[in-house]
Every structure is written in structure tokens, then in C-alpha cells.
Amino acid sequence: MATAEGTLGTWVPGVPKDCSSDDAHAMGRGPLAILRQVVAACAYPELLGNPTVPEGARHRARRVLGEMDAGNIGGYNHEHRGLGVPTRVARFLQRRDGGVPCHPHNIVLCSGTSSILPGQQERAFLPERPFLSFKRVLWEMGAPFSSTVQLISFYSLSKSVAGESGFRAGFLELVNVEEDVVLPFQLAQSIPRPCVLGRVLLDLLMDPLEEGDPVQKALEERQGLLQDLAHNARLVQEVLGRAPGIHCPPLQGGARAFPRIQLPPRAQRQARELGLEPDVFFCQKLQEATGMVVAPGSEFGQMEGTHHLVLSLLPPAATLEQILLTLTQFYTTFLHQFS
């Protein structure tokens, strides 16, 4: 298995440069072919008559283009953005939440994780701990909470099972929010909007047509990603659990682990002298020694006096195991150096 090793900036192919990334494609997860085929046919309609593109993809592309102004994605297509996609998002949320009402007017399309906190609903990987939305809990609490408590929830294409970060698309749902607050969101000036192709991809995920639809079939097959995440979560706990001074609590979802590490007082003092957070200092030393880039927990917020690392669960298991072994070996060396 190839590993990141050697001097700073020297990388061996096959190992992600960023060992903390939650970008599925950057970590080696391939795209869903049906989604790319539909997008390709929408962008270049001549493919609609090309038999090398599966008929299921061409059928979905024709349906998408039928909603576009003059059948062309090159226009602004305001109705597609303002009504078509929000309507299907609302139906998706009602299915997800067991029938809890959702109105398209409360759906605001956005550019995903570039400007909002990402949702992780499709990365809840423990069957005994399925995703449960705050909105459904709020609804089940009944009046007066269900009709008065304000809630804004987020969904990002990059955190979906498709993992399409580059298309920059997602949405917000505004619950129990006053109209004069909702209106600026709807005016398309307050937050970045997704491009048309990003909207198309989002629309495909929200609106599986019927049983046997190729998009729905592909999404069902991609559920294997959750099994991979669950396996990698156990692997992180197992390998790091053998290293004294590193603790990783059980994980139930998401694409990252945040193990807590103990750092010697001497290392902490040296970090402060350099004007660095101790976990930033550790990560810099790790990169210098191994070439591995790992994000410090201080960049994400952590309790005062604690130190964490951020590790991706998305690499293939064999690659992740090598990352973990390299990390624990360096940690042992680091403790000896600064003891």
C-alpha cells in the first residue's frame, strides 16, 4: 500500500494529500454514472439521440429539459429554480420525515457548503441509529413548539450519497420563520445560488420517478458507502484505541472522526512560544516527518484545554489503516521527543 512519506510535499500516488477531507471524490469515491450521464445530455442535447448513453439517462434528461426555458439549460430558468426544484425538495422532505408537511415556499436553493453548514443526513451509518431530523422531532412535540420554534435546516449535494462537491448545490428549509425574513432569502441576493447543472443534480436526487428508475437504483447501490463508513469508523477506534494518549469515542455518522490526543506540557509550551495552538503544532510536525496532512481540531472548535485531530473516514480501508498506523507511530515518537 502506498503511503505518504519522505520530505514535506513529497507524495506517493494513491494516498490522499488531505487525510482530513470529507470530499468523497477527492478521497477516491467515484461518481454515480447515471447522474453524470443525465447532466451530460442536458448540457449537450445531441446526446439524447446517442445510444451509447443509456435510455434511462436520456429519459431523465428529456424530462429536465422539458422544464427549461426553450429546452435549454443556458438561460436563467427562474421557474425551474423558484418552483420546480423547490416543489420536489418539499416532497422529498415530506417522505423523509414521515409526512410532516413542507411547503415549497420555505425551500431556498443555495450553493451548498460554500456558505452554510452542511447536512449529514445521508451519512448516518448505524442501522440502530437512523437519521432523525430536528424538524420531525419538533413536529412530534406538538403545539405550541411545532408552530412557534424557528428552525433552519441544511442539505448539501456534497454531503449526499452522490458526494458531488464540485457542482455546488444544496438547499435550506426555513420552518416557522416570519415572511419578512424568508423574503430576502427568496430574492436571490442574500446567499449564493447553485448553477443550473448543480440544480439538475440536486433535482435528480430529490425526485426518483418510480421503482426501477435508474437514478433510484444507483442511489440504492450507493448505500454501500454507509457500510464502508461504519467499517472505517470501527477501524479508527480499534487502531487508535491501542495508542495510549489517543481516544476516539464511538461514531454514529458523518465522514470524519475527531480523536482526542494528549500532548506533553513541553510540546504545549513550545507551541505557545511559536504562537500556535498545540494541536496545530503537532499537525505541522506530523506533516514535516511523514508528509501526511491532518487538520487540527482547533480549526473546528473544541473545549478549552483539549486537543483533537480530524481524520477522514472516506479512504479505502487499506489506505486508512496505513494512515492510522503512520499516525500512531509518529505520535509515539512525538511523545518521546517532548517528554
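Up top you'll find the structure we're talking about.
Residues numbered from 1 in each chain as written. Predicted model: local features only at pLDDT ≥ 70, side-chain atom pairs only at ≥ 80, totals over all residues. Heavy atoms only, no water.

Trainee: I'm lost on the overall build of the protein chain in this one. Help?
Mentor: Across its full length, the protein chain holds 12 helices and 8 strands. In terms of its C-alpha atoms, the protein chain occupies a principal-axis envelope of roughly 70 × 55 × 40 Å. Burial statistics for the protein chain: of 339 residues in total, 48% are counted as buried. Taking the contacts inside the protein chain whose residues are at least 6 apart along the sequence as the reference set, 69% of them involve residues at least 24 apart. Summing over all exposed atoms, the protein chain offers an accessible surface of approximately 16400 Å²; the carbon and sulfur share of this is 55%. Charged side chains of the protein chain number 30 positive and 34 negative; the gap between the two group centres comes to 2 Å. (Helix = DSSP H or I, 4+ residues; strand = E, 2+ residues; numbered from the N terminus. Buried < 20%, exposed > 50% of the residue type's maximum accessible area, 1.4 Å probe, protein only. Contact = heavy atoms within 4.5 Å. Areas by Shrake-Rupley, 256 points an atom, 1.4 Å probe, with all protein chains shown as cover. Lys, Arg positive; Asp, Glu negative; His and termini not counted. Charge placed at Lys NZ, Arg CZ, Asp CG, Glu CD.)

Trainee: Help me out: how do you make sense of the sheet that holds strand β3 (residues 170–175) in this one?
Mentor: The pairing of strands in a sheet happens through backbone hydrogen bonds and is either parallel or antiparallel. Spatial ordering of the open sheet is given by β1-β3-β2, a layout of 3 strands whose pairing is antiparallel. Each edge of the open sheet is held by one strand with a lone partner, namely β1 (107–110) and β2 (151–156). Recorded for the sheet is a direction-independent mean angle of 20° between the axes of neighbouring strands. Relative to β3, β2 is paired through 6 bridges, and the arrangement is antiparallel. Its bridge partner being in β3, S156 is matched across the sheet by G170. The strands touched by helix α3 (residues 78–96) within the sheet are β1, β2 and β3, with β1 carrying the most contacts at an inclination of about 110°. (Pairing = 2+ DSSP bridges. Axes fitted to C-alpha atoms, helices over the stretch in contact; angles between N-to-C directions.)

Trainee: What is the right way to read the pattern of salt bridges from this model?
Mentor: A side chain with one charge may pair with a side chain of the opposite charge, provided their charged atoms come close. In the structure shown here, the tally under the stated rule is 17 salt bridges. When the shortest N-O distance is used, the salt bridge between E55 and R62 registers 3.0 Å. In the salt-bridge network here, residues are joined through shared partners; they are D22, K159 and R256. (Salt bridge = Lys/Arg side-chain N within 4 Å of Asp/Glu carboxyl O.)

Trainee: Just checking my understanding: could you explain the side chain of S20 for this structure?
Mentor: By secondary structure assignment, the location of S20 is in the segment before α1 (33–43). Side-chain polar atoms of S20 contact the backbone nitrogen of A295, separated by 2.7 Å. (Polar contact = N/O pair within 3.5 Å; in protein donor to acceptor, adjacent residues only side chain to side chain.)

Trainee: Please clarify how the side chain of T328 should be interpreted in this entry.
Mentor: Along the chain, T328 turns up in helix α12 (residues 317–337). Once residues within four sequence positions are removed from consideration, T328 is found in contact with V239, L240 and A243.

Trainee: Help me understand the environment of T87 in this model?
Mentor: Following the sequence through the fold, T87 ends up in helix α3. Distance in space between the C-alpha atoms of T87 and E55 is 26 Å, their sequence separation being 32 residues.

Trainee: How should I be thinking about a nonpolar patch on the surface in this particular structure?
Mentor: A grouping of L132, V137, M141, F145 and V149 is seen on the molecular surface, where their side chains present a nonpolar patch of about 420 Å² in accessible area. Structurally, the position occupied by V137 is in helix α4 (residues 134–141). (Patch = residues over 30% accessible without salt bridge, like charges linked within 9 Å, V, L, I, M, F, W, Y side chains within 5 Å.)

Trainee: Explanation requested: the sheet that holds strand β8 (residues 309–312) in the structure shown.
Mentor: Ordered by their spatial adjacency, 3 strands build an open sheet running β5-β8-β7, and the pairing between neighbours is antiparallel. Both edges of this open sheet fall to β5 (256–257) and β7 (295–296), since each of them pairs with a single strand only. Here 2 bridges tie β7 to β8, and the two strands are oriented antiparallel to one another. Bridge pairing in β8 links A295 to V310.

Trainee: Would you mind going over the state of the cysteines with me for this structure?
Mentor: This structure, assessed with the given rule, holds 0 disulfides. Looking at the unpaired C110, the closest cysteine sulfur is the one in C195, lying at 13 Å. (Disulfide = S-S within 2.5 Å.)

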